[in-house]
Structures are given as C-alpha cells and as structure tokens.
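A structural walkthrough
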Amino acid sequence: MDQFTAVCDYGATVTLNRKLVLVSLLYFAEGFPFGIIEQTLPIYFRIHGMSLTDLGLLSLVSLPYALKFLWAPAIDFIGVRRQWIGMAQLVMAGSIFLLLPLDPSKPGFLLWCSIATLSIFSATQDIAIDAYTIELLDSSEMGIANGFRQAAYRGALVVAGGLFVALGGWIGWRVTYSIAAGILLICFVFSLKLPHVEVQRPKFSFASLMAPARDLLERPQVLQVVMFILLFKLGDMAIGPMIRPFWLHRGLSTTEIGLITGTLGVFSSIAGGLAGGLFMARFGIYMGLWVLGILQSVSNLSYVLVAAYPHLGPLSVYAASTIESFCGGLGSAAFLAFLMSICRKEFSATQYALLSALFRMSGIIAGSLSGWATIGIGYTSYFLLTFFFSIPAFAFIRTTRKWIPAD
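Cut-offs applied
- Residues numbered from 1 in each chain as written.
- Predicted model: local features only at pLDDT ≥ 70, side-chain atom pairs only at ≥ 80, totals over all residues.
- Heavy atoms only, no water.
- Helix = DSSP H or I, 4+ residues; strand = E, 2+ residues; numbered from the N terminus.
- Rg over C-alpha atoms; globule rule 2.2 N^0.38 Å.
- Buried < 20%, exposed > 50% of the residue type's maximum accessible area, 1.4 Å probe, protein only.
- Contact = heavy atoms within 4.5 Å.
- Salt bridge = Lys/Arg side-chain N within 4 Å of Asp/Glu carboxyl O.
- Phe/Tyr/Trp six-rings, centres within 6.5 Å; stacked < 30°, edge-to-face > 60°.
- Axes fitted to C-alpha atoms, helices over the stretch in contact; angles between N-to-C directions.
- Parallel < 35°, antiparallel > 145°, perpendicular 65-115°, else oblique.
- Left-handed = near helix turned anticlockwise from the far one by under 90°.
- Nonpolar A, V, L, I, M, F, W, Y, C, P; charged D, E, K, R; others polar.
- pLDDT = per-residue confidence, 0-100.
- Core = buried A, V, L, I, M, F, W, Y, C linked by side-chain atoms within 4.5 Å.
- Patch = residues over 30% accessible without salt bridge, like charges linked within 9 Å, V, L, I, M, F, W, Y side chains within 5 Å.
- Areas by Shrake-Rupley, 256 points an atom, 1.4 Å probe, with all protein chains shown as cover.
- Expected span 1.5 Å × (residues − 1).
- Bend = angle between axes of the 7 residues up to and from the residue.

**Structural notes on the overall build of the chain**
For the chain, the helix and strand inventory stands at 15 helices and two strands. For a compact globule of 407 residues, the expected C-alpha radius of gyration is about 22 Å, and the chain comes in at 21 Å, within 12% of that figure. Expressed as lengths along the three principal axes of its C-alpha atoms, the size of the chain is roughly 60 × 55 × 40 Å. Within the chain, the fraction of its 407 residues that count as buried is 53%. The long-range fraction of contacts in the chain, counting pairs at least 24 apart against all pairs at least 6 apart in sequence, stands at 86%.

Here's what the structure looks like:
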C-alpha cells in the first residue's frame, strides 16, 4: 500500500526518541480531559447533590466520542493539526472555568452546555491528535510509539480520575478545576509549538469528502480486514463489563477494588503497552498481532480459573486482574499500531475515526449483552465464552499483512 511521505519543517533532525516524547505528551493531553469527564465530574456532581436522574443523563456526554467520525473530515481538509489541537484545548480550559461559579446541585442550561462543549472538543482533540501522530510517525515506528501512547494516556487517567478526585477533597473543587484548566492551557502552549508535518491532501470537494471511505473500501480483501477489526478486541471488550461485578460477587471490598483499578490494573496496562511496543519495534506489527493477540485472548482464561475455584481467595483475583490488564495492554498496543499503520496520511483523521468507531461497535454490542449472558450461564462459563469470542479474528489475520505498509 502506497503512503504519502510526510515532510517535517525541521528536516531530518527529529529522532525517534523525540517523536516518542511528543507522542507521550500529546496522549497525556488527550487522556486528561477524558478522565475529568468520565471519572471526576460524576463524583463531583454526586457529592454536591446532583440527582441520580441527572447523573444518568451525564452519560450522554460520551456520545461525541462515538460520533466523532462525523466531523473528522473537517479536520482532514481545513487548517493544520496543531491548530485544531490547540483550539480544542483552549475551548476545554474555558469550559472548565465556566463550570466554577455554577451550582452543581441544580444543573441548568449553562451547566449542561459547558459539559457538552467540554466533551465535543475533547473528542475533536482526539481526532486531531490521532491524525497528527499518524502523520508524524513512520510505519516502523508505530509499534513502539503505541506503547508510549498507552502509557501516557493511562497516566493521564490516573491523574485526572484519581489524583484530582483526591485534590477536590483536600483543597476544594474550585481550586482543583482551576488547576485542571491551567494544565489544558499549558497543553495549548505546547501544541502551538508542535513541529509542522506537511502532507499533500486533495482539494476539498464532494468527491474528496468521500475519498477516505472509498479508499478503504477499494482495498483488496476489505471484508476480511473489516471482520478482523470487528473481532480482534471482542473477547477483551466482552469480559470488561462483568469484571467489576465479579469482584463484588467474590466479596472484595471497595478498598480492594480501588487497589486493583487504581494501581495494579493501571500499571499492568501501562507495562503491557510498553512491552508490546518494544516487541513490535523488534518483530513488526504483523507479528505483534499474532503473538500479542494470542496472549490477549489467553489472558481471559485466568478469570475462568479464578471463577471456577472460589477457594483460591482474593489474591487469585489480584493475579487474574494483573494478567488480564497486562495482556490487554499488549493486544491494544498491537491493534492500535495496526489501525494507525493502515491509514493514509492525507486522510488520517477521517480514516482513524472510522476504524476506531468500527471496532468499538462490536464491543458495545457484546457489553450490552454481557449481563444477560452471565445471569444465564454464570461467571465461569461466560468468561470462557469471551475467550472463544476472540478466536475467529485469527482466521482473518493473514489478510492484514497486505494492508500493513513495509517500511
């Protein structure tokens, strides 16, 4: 598959090490507002007396992340990536500042507008950062870069969803959110200094608007690759919604669950992402899909073992969580590197948004049915079923090799 070569305005002076630093900083900036939206805001509003009805409506702010492919073409054809990134960060900082004087116990129109704006521009930042990263990296660098990407993103979630919740109780929420807005302003200044990457793009027209999707659909064996994308993370995403209920079923306390989610799970995922990146730097993305994908699938069996033998105690749950998180990080590093590598640089925003929405679709469907299935067959059988969910992807994996550019 031919790729346009990105020409950076700094010539050939950027090393892989510098690219990894840039990717890490960018994905910290991407994960930080998502952590605020998904983890910190619900706690903040509930503490201040927001009703459960309004708190349920808060889940709708995740909708822009699922629909971001709708405005991704604008980012492909208008302006440059760093301007989109900087603008999104500036608007998000303003949205957080606007929240400070508003009463969180009585959400009005202005409060909902502020949250919606924060979510929309967080999703917009995601599109632009993903596109910029694809353009910045050579295909051979995407494996190791995705390891650093995952580590930085997870680190941002720990800061935004863990540290900032604690800060809210220690120093007050207004000060905490002022610090959060300040971090986004620092990110804004950093984004304006990002190296420019020159990529040739077609002029805007109706035909060019359809070009990103048409380019994907006209590639050889597209149906097999689509099936692979739908299935590769299916087992991993299907087991996710039932893991926390299983912890409660096994009698773990909230403190023990916090230990797993806040430390063991996060650091295991970070370690898995970095290890996956190093593996692909040595053996390539295609081998990463095979080896790391198999480990990702097999890791679900650790929960099968723990569920089948409850007498093993809480330490077995810790071990299963660590194994599943680490191997999930391995698989994610390979899969996200693959998705990035198959995007054409001139259509990177639209194509990556489309591909990421595609694989999330199967995960949403599997997750919505997970509770019903677990009630019917029990935790042990359901966890075993999620292992088999991941197997069909390997029937289509050979076709991916034709799509991965040789660099």
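**Notes on the pattern of salt bridges**
Following the criterion strictly, the structure yields nine salt bridges and no others. Between D126 and K68 there is a salt bridge whose closest N-O contact spans 3.8 Å. With a gap of 58 residues between them, D126 in helix α6 (residues 109-136) and K68 in the loop between α3 (63-67) and α4 (72-77) connect regions that are remote in the sequence. K68 shares its class with D126; the two are buried. The salt bridge involving D215 is made with R219; its shortest N-O contact spans 2.6 Å. Taken as a pair, D215 and R219 share a single burial class, namely buried. When salt bridges with common partners are traced through the structure, they connect D76, R81 and E135 into a single cluster.

**Concerning the packing of aromatic side chains**
Going through the model one piece at a time under the given rule, you end up with 22 aromatic pairs. Both rings, one in F32 and one in F164, keep their centres 5.4 Å apart while their planes meet at 80°; by these two values the pair is edge-to-face. With F32 in helix α1 (residues 16-47) and F164 in helix α7 (residues 142-171), this pair connects stretches of sequence that are 132 residues apart. Of the two residues, F32 and F164, neither departs from the other in class, the shared state being buried. Taking the centre distance of 5.2 Å and the plane angle of 55° together, the rings of Y44 and W173 count as tilted. Of this pair, Y44 sits in helix α1 while W173 sits in helix α8 (residues 173-192), placing them 129 residues apart in sequence.

**Regarding the packing of α7 against helix α14 (residues 314-341)**
Where α7 contacts α14, the two axes come as close as 8 Å, and the packing angle between them is 125°. Classified by the angle their axes make, α7 and α14 are oblique. The chirality of how α7 crosses α14 is right-handed. Judged by residue contacts, M142, G143, N146, R149 and Q150 of α7 engage G329, S332, A333, L336, A337, M340 and S341 from α14. Of the residues belonging to the contact of α7 with α14, the class tally is five nonpolar, six polar and one charged.

**Concerning the confidence of the model for the chain**
When pLDDT is averaged along the chain, the result is 87, and 93% of the positions lie at 70 or above. Per-residue pLDDT stays below 50 along residues 1-7; that stretch engages in 25 contacts with residues further than four places along the chain or on separate chains.

**What to know about the nonpolar core**
Counting residues in each nonpolar core, the largest one holds 82 residues, and the members touching the most others are F228, I229, W247, L289, F338, L339 and F383. Those residues in contact with F338 that sit more than four places away from it in its chain are V225, F228, I229, I285, L289, T400 and I404.

**Notes on unusual backbone geometry**
The residue Q221 is not glycine, and still its phi comes out positive at about 55°. With respect to the helices and strands, the residue Q221 is situated in the loop between α9 (206-217) and α10 (222-232). Judged by its relative accessible area of 30%, Q221 falls in the partly exposed class.

**Focus: a nonpolar patch on the surface**
Together, I294, V298, L301, L384, F388 and I391 line one region of the surface with nonpolar side chains, adding up to about 460 Å² of accessible area. Secondary-structure assignment places I294 in helix α13 (residues 285-308). We classify I294 as partly exposed; its relative accessible area is 40%.

**Section: the environment of A308**
Within the fold, A308 resides in helix α13. Residue A308 is classed as partly exposed on the basis of its relative accessible area, which comes to 38%. When the C-alpha positions of A308 and T380 are compared, they lie 5.7 Å apart, and in sequence the two are 72 residues distant.

**Some thoughts on the packing of α13 against α14**
α14 packs onto α13 with a crossing angle of 155° between their chain directions and a minimal axis gap of 8 Å. One element, α13, and the other, α14, form an angle in the roughly antiparallel class. Judged by the twist between their axes, the crossing of α13 over α14 is left-handed. Along the lines of polarity and charge, the residues of the contact of α13 with α14 split into 15 nonpolar, eleven polar and one charged.

**Considerations on helix α11 (residues 234-249)**
The first and last C-alpha atoms of α11 sit 24 Å apart over 16 residues, in line with the 22 Å expected at 1.5 Å per residue. At M242, α11 shows its strongest bend, of approximately 35°, with the proline P245 following within four residues. Turning to α11, its buried residues are L234, G235, D236, A238, I239, M242, I243, F246 and W247. Taken from the residues just after α11, G251 is the one with a positive phi, measuring 85°.

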